[in-house]
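# Structure at a glance
Listed here are the chains, written in short residue letters.
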Amino acid sequence: MLTCRSLFFRIDRVVGFTSRCLKSKQERFSIMSFKGNAAMDGGSKKEKMVNLVWRPISTRSSSVVYSEAAEGQCSKPSGVSERAPVVSAGKHSVSLEVGASLMKFIKGKEGTTQMKIEDEMGVKIIFPSSRNEDHIIIEGGSVDCVTKASERIATIVDEVVKSPSLDYSHFVSLPLAIHPELVAKLVNFQNSILGNQSIAGDKQDVQSSTLFDLGIEKSIFIKPSTFHLTVLMLKLWKKDRFNTARDVLKSISPGVMDALDNRPLFIRLKGLDCMRGSLAKARVLYIPVEEIGDEGRLLRACKVITDAFVKAGLVLEKDANQSLKLHATVMNVRHRKRKDKRKKMDTFDAREIHKQFGNEDWGEYLIQEAHLSQRFVFDQSGYYRCCASIPFPGEHRD
């Protein structure tokens, strides 16, 4: 893995070598072939005759790793990872890992952002042919123009990541849908509100019309098969961040167990409440969570998880500064999928729902594990795809 210092050492060395080659009147030149660390340290050298021909390249060398010790020597790009630059006959190329989900922001609408960078910096940005690739290649006539283009792209990535334009891709969850009896209660809850029980014919039409006026429809209900508690939201837009997040969760299992005193943790779900705003203009309706015994073990375990992800640099600053409020969401207007866009409804009237379920006892449940869950992707059970998991103490109470 190249350090920041070795990266610029290699750039200076290659640029100097290229300048000498361009001054030569010979059509062929010799270039030193370095193999491994021994060659870089002054080991054996092998000369090889090559033609002065430039071709687009896609280097597979390792990404640059920026350690804390190296931060004083150069800036640390938070959005992109840079691979070792490649020089050929005065042409310079660098590969950047930006993440497949961010390609469209670098291109811009109808390619305007890409063209502006290329025109201003005198470079060519090459995007991968596959949607699964995370890297782009920047080619230019000098190290300076390639570097400036890389910095511009890093700025774009940082701005996008901090904005709502890039949605959260993953989150740390405590699954509750693993309890069949709870899922059944949630299904009954939805059916009773949507009028799917003992309502037919004209009565159902009347009920649907009333729900429409209240801003209530099926799409704003949380799917019972995905029911959970959210510990932390994450934006893992490229592979190295995803791999780091997975490793972080696995590494903190002993710390989580200690925070739970190696004893099983039960919670009680009771009532119904509104997240901000009023019940008449609700956006999120949720079930409050109580820890059985009220020892604070659940919040301690969640803090161990959150602190580890923050330390790893995987949490946005605004999220890291928020206090955790554990809740189990049952309705959320963000999930609305209304075909009729003429009437935009970003709230719903939850007053009647609260009258009926405001004191509902949903039961007591064991928290069995924590997942690194992927949003918008589901497994065979209907729950979010599990990218990694750690167990909680699993013994049942007497």
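Please refer to the structure placed before this passage.
An account of the accompanying structure is given in this report. Since this is a predicted model, take the numbers as computed values, not measurements.

For the coordinates displayed, the defined rule picks out 16 salt bridges. Linking D261 and R263 is a salt bridge whose minimum nitrogen-to-oxygen distance equals 3.3 Å. One network of salt bridges, with partners in common, ties together D261, R263, E295, R297 and R300.

The subject of this paragraph is helix α6 (residues 180–194). Across its 15 residues, α6 extends 21 Å between first and last C-alpha, which sits within 8% of the 21 Å expected from 1.5 Å per residue. The complete set of buried residues in α6 reads L182, L186, F189, Q190, I193 and L194. Down the axis of α6, the sector holding all buried residues measures 115 degrees, keeping them to one side. The first or second residue beyond α6 is G195, which carries a positive phi of 80 degrees.

Our next topic: the packing of aromatic side chains. Within this structure, the stated rule accounts for seven aromatic pairs. Residues F189 and F221 carry aromatic rings whose centres are separated by 6.0 Å and whose planes lie at 70 degrees to one another, so their mutual orientation is edge-to-face. Here F189, found in helix α6, pairs with F221, found in the loop between α7 (202–214) and β9 (228–234); they are 32 residues apart in sequence, far enough to count as distant. When the centroid spacing of 6.3 Å and the interplanar angle of 20 degrees are considered together, the rings of F357 and W362 count as stacked. Assigned by exposure class, F357 and W362 land together as buried. Members of the aromatic cluster, connected to one another through ring pairs, are F171, F378, Y383 and Y384. Across the ring face of F127, the terminal group of K107 is positioned such that the distance to the ring centre comes to 4.9 Å. Between K223 and the ring centre of F378, over which it is positioned, the NZ or CZ distance is 5.3 Å.

Judged by nonpolar contacts, the single largest core of 64 residues is most densely connected at F189, F227, L269, F309 and M331. For this core, the leading source of residues is helix α10 (residues 297–311), giving six residues. For M331, the contacting residues outside a window of four places in its chain are F189, I216, I220, F221, I222, R283, V284, L285, F348 and I353. Residues M121, I125, I136 and L166 belong to the second largest nonpolar core, which totals 25 residues.

On to the packing of helix α4 (residues 112–121) against helix α5 (residues 143–162), then. The description of two packed helices rests on the angle between their axes and on the distance between the axes. Here α4 crosses α5 at 150 degrees, and the two axes come no closer than 10 Å. Looking at the two axes, α4 sits roughly antiparallel to α5. Every pair of crossing elements has a handedness; the one defined by α4 and α5 is right-handed. From α4, T113, I117, E120 and M121 reach across to α5, where they touch C145, K148, A149, R152, I153 and I156. Taken together, the residues that form the contact of α4 with α5 break down as six nonpolar, one polar and three charged.

What counts and what doesn't
- Residues numbered from 1 in each chain as written.
- Predicted model: local features only at pLDDT ≥ 70, side-chain atom pairs only at ≥ 80, totals over all residues.
- Heavy atoms only, no water.
- Salt bridge = Lys/Arg side-chain N within 4 Å of Asp/Glu carboxyl O.
- Helix = DSSP H or I, 4+ residues; strand = E, 2+ residues; numbered from the N terminus.
- Expected span 1.5 Å × (residues − 1).
- Buried < 20%, exposed > 50% of the residue type's maximum accessible area, 1.4 Å probe, protein only.
- Arc of directions from axis to C-beta.
- Phe/Tyr/Trp six-rings, centres within 6.5 Å; stacked < 30°, edge-to-face > 60°.
- Lys NZ or Arg CZ within 6 Å of the ring centre and 35° of its normal.
- Core = buried A, V, L, I, M, F, W, Y, C linked by side-chain atoms within 4.5 Å.
- Contact = heavy atoms within 4.5 Å.
- Axes fitted to C-alpha atoms, helices over the stretch in contact; angles between N-to-C directions.
- Parallel < 35°, antiparallel > 145°, perpendicular 65-115°, else oblique.
- Left-handed = near helix turned anticlockwise from the far one by under 90°.
- Nonpolar A, V, L, I, M, F, W, Y, C, P; charged D, E, K, R; others polar.

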